[in-house]
Amino acid sequence: MRERSDVRRRLLVTIATFGAFTIACCLVAPIVGSTSISLARVFSRTIPYADNVDAQVFFIARLPRVIAAVVVGSGLALSGVVFQALLRNPLASSDTLGVAAGATLGATIAITAHADVNLFGVSVVPMASFAGSIGALVIVYLLSLARRRGTSSTVLLLAGIAISALLSAVGRFVQYLAEFTDTARTMQWIMGSLDVGNYAPIVAALVPLTLAVAGFATLPRVLDLISMGTESAEARGVDVVRAERIALFSASMSTGAAVSLGGPVLFVGIIVPHIVRLLVGADHRLVLPASALFGASFLVLCDLIARTILAPVELPVGIVTAVLGGPFFLWLLFRRVR
Amino acid sequence: MAALPPRPLIRRAALGAVLVVAQIAAAAQATPTSATRVISLIPATTEMLFAMGAGDKLVAAGSYDHYPPEVERLPRVGALLDPNIERILTLKPDLVVLYGTQTELKNRLNRASIPYYTYVHKGLPDITETIRSLGTRVGVGERAQSLASSIESHLDKIRSNVGKLPRPKTLLVFGRERGSLRSIDASGGVGFLHDMLEAAGGTDVLSDVRRQSVTMTTEMVLARAPEVILELRYGPPGAGDAEDLRQWNALAAVPAVRSQRIYQLRGEEYVVPGPRVVQAVEQMARTLHPEAFK
């Protein structure tokens, strides 16, 4: 009983701390940018919206970016936690299982084909990258099943690396045949961008992300046991096959949602879970919600830097996440070791 | 002091050294005789060669060269990123027109003692300058000279046509993700797209950004408040083009959106800085200032 109430208290503290930080980031980020806007004008009722530049900068240019950063950051961080626990590998992330490569291939094909489809305000590139990420994970999962009932983390990992390499090669081949401008456009997409322009792609990405969060909500205890080893988890009564299925399905949904919205933003999926574990410990009941919140705030901050540091020109957000995330992670690691 | 030779002598010696170095440098690139078997790897220079009447000297072209139609009969030898050195050597060219960044190709041509002409996309004046120097190089100097002069006088005529009219602040977009306002690539304050826009009587909203291309965000579009948006497209028209242009309507505070001065210009001539630049600038000017061409 005491242990349970202790966990509940730690959970509350964790969510309150990380939540407050995330909310603070989300409040500051839309106010700061390359152009200065006045909040009084943004919310002024006397200026018609069509004439109100400040309101349009706030509601069209900045707010969707901040929300997109929250969705992408939390999606990538959550799937990173789950992939790392499931594969019992600290370096695992959506890239490892070919999800990022599949998403990139989908986007590359859509960009190169100049496909002209627009479904509920969502253009073809995010749709194709979502399909690519799910497709890649399905192939990897089926391959890992072929060996035995239930997945083996080694087979999953190896199949993921092989499929990732294969899909990247196909993607490069498509780029090689593509027009020069399309190749440049694909490169831009790969480096990540959160300037989504309207709310439709965010709403579209929220559907799979909600499904994923529902799946993740069933996992914390199971992941704690699985990360110790599948046999001991089975001995403790965990239905490992079912848990793995839920974990893979949810992680692929959240990665697909994130990548289709912002591109394969580097490092978030690997670094955020580790930073969070260093801060709150290894209990997945704490790590999962804390990672979602910290991933969101981390990406909101990185995007803020990306759009202001070289203003009016903008940096791809993936460069900022990699440059900031790497050293910060190393600092935490060495501080612990010492 | 006394040991030093008199100053004029030093100056003459230095001048002599400079001349020798310049001659060695010239010998490395130029050949005295005019070229007869030319390979051009860049769409712009291929168009220039045909326009100056040197199309018959071309023995191969780059994989992206599609104009004029006669170019289709030529064998292809790759392009900027993938020049096929083996095919280039087999065709025994006496001049290869290549892009400035193709360093590896230059090294290989040097080793094979094949002369080359280095081209780089720059501003509008560089187009006619390239036509003149390339024309001299392939032995049609006079025709190239008259082509360049005719391009210049046409451009001057367009400039004077629109010269006294108000110059709208224009955003010149040459790339954007279809069906959204993401990855908007626009012309910055330098380069031939910028020069074309200024010649056509517009003011580039990004003229203070000293780059050829700028990836814009919706915030930048709102902040820069262009009065006209010109979108360049190449390739065949698509069914969703009109629908795609309506994406801009999301930015209702932008003057160009409010006055619906958003136009699509379609054609390779807008993105290939060759002799067709005259048609491109004229069409831009007609779009920005229809009243000047009645």
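These numbers were taken from a predicted model, which means no experiment stands behind them.

Caption draft 1: Region of the structure containing the overall build of chain B. When its secondary structure is counted, chain B shows 11 helices and 10 strands. Scored against the burial criterion, the 294 residues of chain B give a buried share of 42%. Here the analysis covers contacts within chain B between residues at least 6 apart in sequence; of these, 58% occur between residues at least 24 apart.

Caption draft 2: Summary view of the interface of chain B and chain A. Contacts between the two partners involve 25 residues from chain B, matched on the other side by 31 residues from chain A. Across the side of chain B that touches chain A, the residue classes break down as 12 nonpolar, 9 polar and 4 charged.

Caption draft 3: A look at the domain arrangement of chain B. Residue and element names in this part refer to chain B. The assigned domain composition of chain B is domain 1 (38-156) and domain 2 (164-293). Computed over C-alpha atoms only, the centres of domain 1 and domain 2 are separated by 28 Å. Facing the 14 residues of domain 1 at the interface are 15 residues of domain 2. With 5 residues, helix H2 (residues 43-51) is the single largest residue contributor to the side of domain 1 that touches domain 2.

Caption draft 4: Structural detail: the nonpolar core. All names here are of chain A. Of all hydrophobic cores here, the largest spans 98 residues; its most connected members are Val71, Val72 and Val82. Broken down by element, the residue count for this core peaks at 16 residues, all from helix H3 (residues 53-87). Those residues in contact with Val82 that sit more than four places away from it in its chain are Phe216, Leu219, Leu223, Ala247, Ser250 and Ala251.

Caption draft 5: Just the sheet that holds strand E4 (residues 116-119) of chain B, in detail. Residues and elements named next belong to chain B. Spatially, the 4 strands line up as an open sheet ordered E2-E1-E3-E4, and their pairing is parallel. Each end of this open sheet is capped by a strand with a single partner; those strands are strand E2 (58-61) and E4. Within this sheet the neighbouring strands show an average axis-to-axis angle of 20°, counted without direction.

Caption draft 6: A look at the packing of H3(A) against helix H11 (residues 240-262) of chain A. Residue and element names in this part refer to chain A. Where H3 contacts H11, the two axes come as close as 8 Å, and the packing angle between them is 150°. Classed by the angle they form, the pair H3 and H11 counts as roughly antiparallel. Between H3 and H11 lies a crossing whose hand is left-handed. Every residue of H11 that contacts H3 at Ala68, Val71, Val72, Gly75, Leu76, Leu78, Ser79, Val82, Phe83 and Leu86 is listed here: Glu244, Ala247, Ser250, Ala251, Ser254, Thr255, Ala257, Ala258, Leu261 and Gly262.

Caption draft 7: Representation of helix H6 (residues 141-162) of chain B within the structure. Residue and element names in this part refer to chain B. The terminal C-alpha atoms of H6, which comprises 22 residues, lie 32 Å apart, in line with the 32 Å expected from a rise of 1.5 Å per residue. Among the residues of H6, those classed as buried are Ala144, Leu147, Ala148, Ile151, Leu155, Ile158 and Val162. Along the axis of H6, the buried residues cluster in a sector spanning 95°; they form a single face. Across from the buried face of H6, at angles greater than 90 degrees, the exposed residues are Glu142, Ser146, Ser153, Asp156, Lys157 and Ser160.

Rules used in this analysis
Residues numbered from 1 in each chain as written. Chains lettered and ligands numbered in written order. Predicted model: local features only at pLDDT ≥ 70, side-chain atom pairs only at ≥ 80, totals over all residues. Helix = DSSP H or I, 4+ residues; strand = E, 2+ residues; numbered from the N terminus. Buried ≥ 20, exposed ≤ 12 C-beta atoms within 10 Å, placed from the backbone. Contact = placed C-beta atoms within 7 Å. Nonpolar A, V, L, I, M, F, W, Y, C, P; charged D, E, K, R; others polar. Domains from an automatic or database assignment. Core = buried A, V, L, I, M, F, W, Y, C linked by C-beta atoms within 7 Å. Pairing = 2+ DSSP bridges. Axes fitted to C-alpha atoms, helices over the stretch in contact; angles between N-to-C directions. Parallel < 35°, antiparallel > 145°, perpendicular 65-115°, else oblique. Left-handed = near helix turned anticlockwise from the far one by under 90°. Expected span 1.5 Å × (residues − 1). Arc of directions from axis to C-beta.

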